[in-house]
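Listed here are the chains, written in short residue letters.
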Amino acid sequence: MSDLIDDLAGIAPGSPLDVLRSRRPTARRDVQASYDALIADPRDLGRASAAERIAVAYWVAALSGAARLAEHYRGLLAGLDPDVLAAIDAALPAATTTGPVGSYPPGPLSVEDEAAPEWSAPAGIAAAGGPRLAAALEHAHLVTYRPRDASPDALQALLDAGWTTDGIVTLSQLIAFVHFQLRLVAGFTVLAAHAEED
Amino acid sequence: MTDQIVRYPGVVRPNAFTAERLGWRPWLEPKPVDDLTAEDRHALEGRDVTDPYFRVLVRDPIVLGARTRADIDIFTNDEGGLDRAERELAAAAASRTNGCLFCASVHARFAIEQSGRRDDVQRLLDEGIDAEQDERWTAIIEASAALTATPSFFGPAHVEALRAAGLDDQAIVDVIQSAGFFNWANRLMLSIGEPLPPRR
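Quick caveat: nothing in here was measured; it's all calculated off a predicted structure.

Moving on to the interface of chain B and chain A. Contacts between the two partners involve 64 residues from chain B, matched on the other side by 64 residues from chain A. The junction of chain B with chain A conceals about 5,600 Å² of combined surface from both sides, 62% of it contributed by carbon and sulfur atoms. On the chain B side of the contact with chain A, B:T150, B:W184 and B:R187 bury the most area, a combined 12% of that side's loss. Our count for the chain B to chain A interface comes out at eight salt bridges. A:R24 is the salt-bridge partner of B:D174, the closest N and O atoms lying 2.9 Å from each other. Between chain B and chain A we count 30 residue pairs in polar contact (both at pLDDT 80 or more) in total. Those elements giving two or more residues to the side of chain B that touches chain A turn out to be α2 (52-57), α3 (61-76), α4 (84-98), α7 (135-148), α8 (156-164) and α9 (169-191) of chain B. Sort the elements by how many residues they give to the side of chain B that touches chain A and α9(B) lands first, with 15 residues. Counted by class, the side of chain B that touches chain A contains 29 nonpolar, 17 polar and 18 charged residues.

Okay, here's the thing in structure tokens:
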């Protein structure tokens, strides 16, 4: 039974990698279940709307340079909210950088500190998707590139923009899940294309 | 009740990677134990209901349940593939790369317990992912770190190095899933709470 990861990583039914994935059946099933619950078919649209969820997923995948996954989410968002999609596409070039960077509490790890600027959503994001979405994209940018700079202030900014505690939990899971998902696609794509020759 | 962020003024956060037992506490209110529904308790199966981390995450029980089941399968399914110590090594390497002191402490400890290689794990914590290791651990750590970078630069050379070090493709799937999963775990741990100094 193929799933989104298989589709995006080019894993054909019956191929060597399909068999290897099938030996971790619970992981395979529940990665898809996480995707369904967070993004594709969520139960509670009050804490985070369908468009907010897909917009954040697209944003995280695109910021991470995960081309195939980003294209998948871009297609979903195009069908749901083309204005938000246009605003995100306009914001992406200036927002895209590399990571992980950030700062540790002062001490022996300070030599590894690498500062990076905060990203503020341009007015077009809030105009198209509202202040909650603008705050969510700012938070997703922070957690994508500078996860060790996360702070209570960053969560306060989400509350101030209208997110609830439950909504922040779902948003945090969604951002973090897409980082897992895009790495499964990246890793399996390489492995599927370089199968063992034996 | 109006939702609010929980802050802990005045406590000094740990500032170095360690395999000692760190604490962690959330910036979001955990769901009170008395408020847990049957669905919440089902989602918490396999977890400690007194743990504040999981009682924050249980605010989205469907996601927590799916995540826990995936986590356990990725790290403990022993039908072939990578041994437990090296799955934990991949988790620790991802955590070292992302800068999650709490996650790194837990999974460094597990890697030490499972492998008996305290000095090698401590060197990963102290010196980072470029610290000297043997060929096999170097391949696992480098693959985990490459996958963890944004953008990911995991490529065919990493697969070749893992195979040359003796991993079969089931084990490479385990490296990808273990390191990948910690890009989920690290971001949660780092973004909804903070580590506490070692409990002594």
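Residues and elements named next belong to chain B. Among the secondary structure elements, V33 is positioned in the loop between β1 (23-26) and α1 (38-43). V33 sits in the partly exposed class, given a relative accessible area of 30%. Considered as a pair, V33 and R55 are 22 residues apart in the sequence and their alpha carbons are 7.8 Å apart. Not counting chain neighbours up to four residues away, the residues in contact with V33 comprise R41, V49 and R55.

Once that is clear, we can look at the pairing of β1(B). All names here are of chain B. The side-chain alternation of β1 yields two buried faces, one formed by G23 and R25 and the other by W24 and P26. Across four bridges, β1 lies against strand β2 (residues 193-196) in antiparallel orientation. Note on β2: the bridge partner recorded for W24 is P195.

Quick look at helix α5 (residues 67-80) of chain A now. An α-helical turn contains 3.6 residues, so any two residues separated by three or four positions project in the same direction. Residue and element names in this part refer to chain A. Taking 1.5 Å as the rise per residue, α5 with 14 residues should run 20 Å; its terminal C-alpha atoms sit 20 Å apart, in good agreement. Regarding α5, the residues found buried are L69, A70, Y73 and L77. In an axial view of α5, the angular spread of the buried residues amounts to 95 degrees, which keeps them on one side of the axis. Facing away from the buried side of α5 by more than 90 degrees, the exposed set consists of A67, E71 and G79. For α5, the elements touching its buried residues are α1 (4-9), α3 (25-40), α4 (50-63), α6 (82-95) and α10 (165-193).

With that settled, the discussion passes to the confidence of the model for chain B. Residues and elements named next belong to chain B. Mean pLDDT over chain B works out to 97, with 99% of the residues at or above the 70 mark. Within chain B, α7 carries the highest mean pLDDT (99), whereas β1 carries the lowest (96). Across the interfaces of the predicted complex, the ipTM metric reaches 0.98, alongside a pTM of 0.98.

Let's shift gears to the environment of A:A12. Among the structural elements, A:A12 can be located in the loop between α1 and α2 (16-22). Judged by relative accessible area, A:A12 falls into the partly exposed class, the value being 39%.

The subject of this paragraph is the side chain of B:H107. All names here are of chain B. Along the chain, H107 falls in helix α5 (residues 101-115). H107 gets classed as buried once you look at its relative accessible area, which sits at 12%. Here the side chain of H107 touches E88 through a polar contact of 2.6 Å, side chain to side chain. H107 has contacts with E88, A91, A92 and F182, leaving out every residue within four places of it along the chain.

Rules used throughout
- Residues numbered from 1 in each chain as written.
- Chains lettered and ligands numbered in written order.
- Predicted model: local features only at pLDDT ≥ 70, side-chain atom pairs only at ≥ 80, totals over all residues.
- Heavy atoms only, no water.
- Contact = heavy atoms within 4.5 Å.
- Buried area = accessible area lost by both parts, 1.4 Å probe.
- Salt bridge = Lys/Arg side-chain N within 4 Å of Asp/Glu carboxyl O.
- Polar contact = N/O pair within 3.5 Å; in protein donor to acceptor, adjacent residues only side chain to side chain.
- Helix = DSSP H or I, 4+ residues; strand = E, 2+ residues; numbered from the N terminus.
- Nonpolar A, V, L, I, M, F, W, Y, C, P; charged D, E, K, R; others polar.
- Buried < 20%, exposed > 50% of the residue type's maximum accessible area, 1.4 Å probe, protein only.
- Pairing = 2+ DSSP bridges.
- Expected span 1.5 Å × (residues − 1).
- Arc of directions from axis to C-beta.
- pLDDT = per-residue confidence, 0-100.

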